[in-house]
Amino acid sequence: AIALLQRAPLGSEELRRARLVCAAHGFDAGLGLLYAAQEQPSALLRHQAETRQYDALIATCTARGATQPHLWLDALRHVASLDDGEGGVPPAARQRIIAEVVAAAEREGLLPPLALVEALSAHEGTPLSLVVPLLRASLARDEALVSEAHAEAARFATDAARFEAEATALANTPRVFQRSICSKCSAPVEPPSVHFLCGHSFHANCLADGTAAQDAEPECPTCAPQRRRVREHAAMVASRAVAHDDFYRQLDEAADGFGVVADFFSKGVLSPLGR
Ligand SMILES: [Zn+2]
Ligand SMILES: [Zn+2]
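The rules behind each value
Residues numbered from 1 in each chain as written. Chains lettered and ligands numbered in written order. Predicted model: local features only at pLDDT ≥ 70, side-chain atom pairs only at ≥ 80, totals over all residues. Heavy atoms only, no water. Core = buried A, V, L, I, M, F, W, Y, C linked by side-chain atoms within 4.5 Å. Buried < 20%, exposed > 50% of the residue type's maximum accessible area, 1.4 Å probe, protein only. Helix = DSSP H or I, 4+ residues; strand = E, 2+ residues; numbered from the N terminus. Contact = heavy atoms within 4.5 Å. Axes fitted to C-alpha atoms, helices over the stretch in contact; angles between N-to-C directions. Parallel < 35°, antiparallel > 145°, perpendicular 65-115°, else oblique. Nonpolar A, V, L, I, M, F, W, Y, C, P; charged D, E, K, R; others polar. Donors = N, O, S within 2.8 Å, 3.2 Å for Na, K, Ca; no water. Tetrahedral: all angles 85-135°; square planar, octahedral: opposite > 155°, others 65-115°.

Caption draft 1: Expanded view of the nonpolar core. With 31 residues, the main nonpolar core has Leu76, Ile97, Leu116 and Val131 as its most contacted residues. Residue assignment for this core shows that the elements contributing at least two residues are helix H4 (41-50), helix H5 (54-64), helix H6 (70-81), helix H7 (91-108), helix H8 (113-120) and helix H9 (132-172). Beyond its immediate chain neighbours, meaning those up to four positions away, leucine 76 contacts Ile97, Ile98, Val101, Leu116, Ala119, Leu120 and His123. Judged by nonpolar contacts, the second largest core, of 8 residues, contains Leu15, Cys22, Leu31 and Leu44.

Caption draft 2: Fine view of the packing of H5 against H7. At a minimum axis distance of 11 Å, the contact between H5 and H7 shows a crossing angle of 10 degrees. Classified by the angle their axes make, H5 and H7 are roughly parallel. Listed contacts from H7 to Tyr54, Asp55, Leu57 and Ile58 of H5 are Ala93, Arg96, Ile97 and Glu100. When its residues are assigned to classes, the contact of H5 with H7 shows 5 nonpolar, no polar and 3 charged.

Caption draft 3: Local environment of the coordination of the zinc ion (ligand 1). Distances from the zinc ion (ligand 1) to its protein donors, Cys182 (SG), Cys185 (SG), His203 (ND1) and Cys206 (SG), fall within 2.0 to 2.3 Å. Because the angles between the 4 donor atoms bound to the zinc ion (ligand 1) fall within 99 to 115 degrees, the donor set is best described as tetrahedral. Ordering the donors of the zinc ion (ligand 1) by residue number gives the pattern C-x2-C-x17-H-x2-C. As far as the burial class goes, histidine 203 and cysteine 206 line up, both buried.

Caption draft 4: Region of interest: H4. Burial analysis of H4 places 7 of its 10 residues in the buried class, which makes it a mostly covered element. Restricting attention to buried positions, one finds in H4 the residues Pro41, Ala43, Leu44, Leu45, His47, Gln48 and Ala49. Just downstream of H4 lies arginine 52, where phi reads positive at about 65 degrees.

Here's what the structure looks like:
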């Protein structure tokens, strides 16, 4: 029957029927062959987990994991889903599969460490120490991003200091406003008009259109977006830095490392900057 299945080029409908026949007769080898033929590696993994073919399961992941790393996580989930009730996966086999997945994650570096942590957390009693090297490497990458951002923040601070010095100089020296065109409506500026130190001028009416009346210190509308971006970026960098320090402290103190990782993951602390 195996030879027959291997030889015959089957259409999708025939494959479906062949699968039903194999399932009805408990022909596991045939089913596995059909899943493989249909390029349904995740279904194949589930089948291999259900039929206790752990070596074949690991072989499937090893063969395809380089291009489809999520299969390692699928394998973990399928195995975890079998843990309840009678005839769960024997602990030794389960530990071997977990060790293989972690080894593959370290070897290939393609699995998002936190997705791995999440898949592992379905396996009760898995020690966090298994994935600590992976997490450390990932956090080191994050830390590099943060220090990069710190450097950027420092550049912004330098710029800000320079602007402030310029502003002080401007406040104490007379300034000639030469721009005679309103930056909003492009018509010649006539009184009543507002002149900003950045050099942009507006009709008082044009400025009132864009600004809330109660705004005590209106900004130049032309320059405001740029200034807002700088402010927001600086605030984000500052809050990220605090959150990362918190993460390390809590991870060191916590009994439940998985809980801390999941908590910070949900707050977006561990996602790359700028997202
Ligand atoms: Zn105008
Ligand atoms: Zn301006």
